[in-house]
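If you want the building blocks of each chain, they are given just below.
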Amino acid sequence: MFLFPHPPFSLNGLLVMVQESTALKAEVKAFWNRESCDTWHAPAEKFSREYFEQIEHWRYNDQPFIHSFAQFTRYRGKRVLEVGFGAGTDFIQWLRAGALASGVDLTEEALENLTHRIKVYDLPPPQCLKVADAENLPFPSNFFDLGYSWGVLHHTPDTEKAISELVRVVRPGGEIKLMLYNRRSLFAFKSWLKHAALKGRPWRSVRWVLWHCIESIGTKGYTKSEVNRMLAPLGLTAVRMETFLTHADRLARKTFPFWLGDIPLGMLASLTGNRLGWFRGISARKL
């Protein structure tokens, strides 16, 4: 949950909290409205078939584990909601698999990407596509068979509320699948070295670096225990977590002095495998 340094029972403090959250969310929206996730990997003409092919190739080359995690083909004929569809790369897999897919995103840019993408591939129409806020989903409770969100909810100010909303709209017995950034990851440590230690401010925390230096302002990463605390009151069972290494965690030797950090990080990767991956996949079933 996004916390503010104001008295919890002060009406003025509460008002300031709401205003700050609104302002932060506007900054997050402006960032992703400039470019949806992964689109910077596509040099082809925007909205062309080649453009979408380049985005899809990059995403699943870097993150092939998405397919085994999402299991798109298992949801044929099922009601699926994707929260934060971005450029639509995962979303079109639901359509290809025959799912009854709906989606929301905070940005008009994402909606435009996905609308063009569906037309380019002549895919079946989705059930519903909307520009909407993950913290206030415009759907009835207990409706979807699966609530899915990959790498999105750590960007919204109140991540805890967004997860609660995702659970709310899923029917009892339905499934939740989401990915949140892992604060105890190689990428987070590398980012701290780059943006804090090597810039003469080692007192800055990993939280501070993620918030101020990684993607949109306010980005967060979570430990396993923090995720468990967020999920505990939501009425979930069969909770499973797994971490994944991506290109962000890989050790690319670049210019001095940044490559020095690769030595201990490389040793950590060898010893821990995927435990220090930047992506944490979370799956569960609603009671």
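One can find the structure itself at the top, above this paragraph.
Since we're looking at a predicted model, the values are computed, not measured. (Residues numbered from 1 in each chain as written. Predicted model: local features only at pLDDT ≥ 70, side-chain atom pairs only at ≥ 80, totals over all residues. Heavy atoms only, no water.)

## Description of the overall build of the chain
A count of helical and extended segments in the chain gives ten helices and seven strands. Counting all 287 residues of the chain, 51% fall into the buried class. The long-range share in the chain, meaning contacts at least 24 apart out of those at least 6 apart in sequence, stands at 73%. (Helix = DSSP H or I, 4+ residues; strand = E, 2+ residues; numbered from the N terminus. Buried < 20%, exposed > 50% of the residue type's maximum accessible area, 1.4 Å probe, protein only. Contact = heavy atoms within 4.5 Å.)

## Here we look at the pairing of strand β4 (residues 144-150)
Taking burial as the measure, the seven residues of β4 include seven buried ones, the bulk of the element. Looking at chain direction, strand β1 (residues 79-83) and β4 are connected through three bridges and run parallel. Looking at β4, one finds that Val80 is bridged to Leu146. Pairing of β4 with strand β5 (residues 170-181) involves six bridges; the strand directions are parallel. (Pairing = 2+ DSSP bridges.)

## Thoughts on the layout of surface pockets
Over the atoms a probe the size of a water molecule is rolled, and this reveals where empty space is left. Roughly 960 Å³ of volume is contained in the largest pocket. Looking at the lining of the largest pocket, the elements with two or more residues in it are α1 (11-34), α2 (49-62), β1, α4 (89-96), β2 (100-105) and β5. The greatest single-element share of the lining of the largest pocket, amounting to six residues, is contributed by α1. Along the lines of polarity and charge, the residues of the lining of the largest pocket split into 24 nonpolar, 13 polar and eleven charged. (1 Å grid on protein atoms, 1.4 Å probe; cavity = no way out; pocket = protein on both sides within 12 Å on 5 of 7 lines; lining within 4 Å. Points joined across faces, edges and corners; volume = space filled by probe spheres on them. Nonpolar A, V, L, I, M, F, W, Y, C, P; charged D, E, K, R; others polar.)

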